[in-house]
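If you want the building blocks of each chain, they are given just below.
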Amino acid sequence: SQTITPQLNVNDIEPLIDYIADHGTELGLGIIDKMSNMPLIRLFLEPPLKNFAEPADGNPFLLIKQRQEYQSKLEKYNRAMDSYRIQTEAEVNSFREEAKLLLAQSPDASQTNIYDAISRSNLFFSEDGASQASVKNYLVIVSDCQHNAKGVSSVSLKSGVKLILINGSASVVSLAYLQPK
């Protein structure tokens, strides 16, 4: 049987990958199917290094020393950013390859286990770093939202996580009680 929700491909999530590469954060990607128990593939990137301000005009005698210190710091910063970009690009490329394989799976699940998928995301969001106050947590579900697997009949979403649903029918069916966006 075929799902009624179009299957994503890596190009569909490129803007999200680009955002993460520019700002640093974490992305977990998984498939919702009959079991929904496979681990998420993960992209975690540290935020890029923050640049620092050029010395302001002031005492001309101090300004010379401040500019020399600034130039030295700038050179170190540029070397660190070059290294960061190389590492980030390698991690992003590795994630893209994993995502291509994951998203290439045939969308032929006989059931949709939304609740196990949400439980899996709760584990993801409970890991170290995910609950930091500065980190915004979103769960994006691309599905028809029709939970039709046996077992659990509802699940709660970890506190602070915002749910975004994407489907072709604008129906939230099984997830209305979670107040998705």
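Draft legend 1. Main features of the packing of helix α1 (residues 10-23) against helix α2 (residues 60-103). It is at 11 Å that the axes of α1 and α2 come closest, and there the two elements cross at 155°. When the axis of α1 is compared with that of α2, the two are roughly antiparallel. Considering how the two elements wind past one another, α1 and α2 form a crossing that is right-handed. Counted together, Val 10, Ile 13, Glu 14, Ile 17, Asp 18 and Ala 21 of α1 and Tyr 84, Thr 88, Val 92, Phe 95, Arg 96, Ala 99, Lys 100 and Leu 103 of α2 form the full contact between these two elements. For the contact of α1 with α2, a count of residues per class yields 9 nonpolar, 1 polar and 4 charged.

Draft legend 2. Looking closely at the pattern of salt bridges. Counted according to the given criterion, the structure contains 5 salt bridges. The residue Arg 42 makes a salt bridge to Glu 26 at a minimum N-O spacing of 2.3 Å. Taken together, the positions of Arg 42 in strand β2 (residues 41-45) and Glu 26 in strand β1 (residues 25-29) put the pair 16 residues apart, joining distant regions of the chain. Close ionic contact of Glu 97 with Lys 100 constitutes a salt bridge, the shortest N to O distance being 3.4 Å. Taken together, the residues Glu 97 and Lys 100, both in helix α2 and 3 residues apart, mark about one turn of the helix. Look at Lys 100 and you get partly exposed, because its relative accessible area is 44%. A cluster of three or more residues bridged by salt bridges with shared partners is formed by Glu 14, Asp 18 and Arg 96.

Scoring rules and cut-offs
Residues numbered from 1 in each chain as written. Predicted model: local features only at pLDDT ≥ 70, side-chain atom pairs only at ≥ 80, totals over all residues. Heavy atoms only, no water. Axes fitted to C-alpha atoms, helices over the stretch in contact; angles between N-to-C directions. Helix = DSSP H or I, 4+ residues; strand = E, 2+ residues; numbered from the N terminus. Parallel < 35°, antiparallel > 145°, perpendicular 65-115°, else oblique. Left-handed = near helix turned anticlockwise from the far one by under 90°. Contact = heavy atoms within 4.5 Å. Nonpolar A, V, L, I, M, F, W, Y, C, P; charged D, E, K, R; others polar. Salt bridge = Lys/Arg side-chain N within 4 Å of Asp/Glu carboxyl O. Buried < 20%, exposed > 50% of the residue type's maximum accessible area, 1.4 Å probe, protein only.

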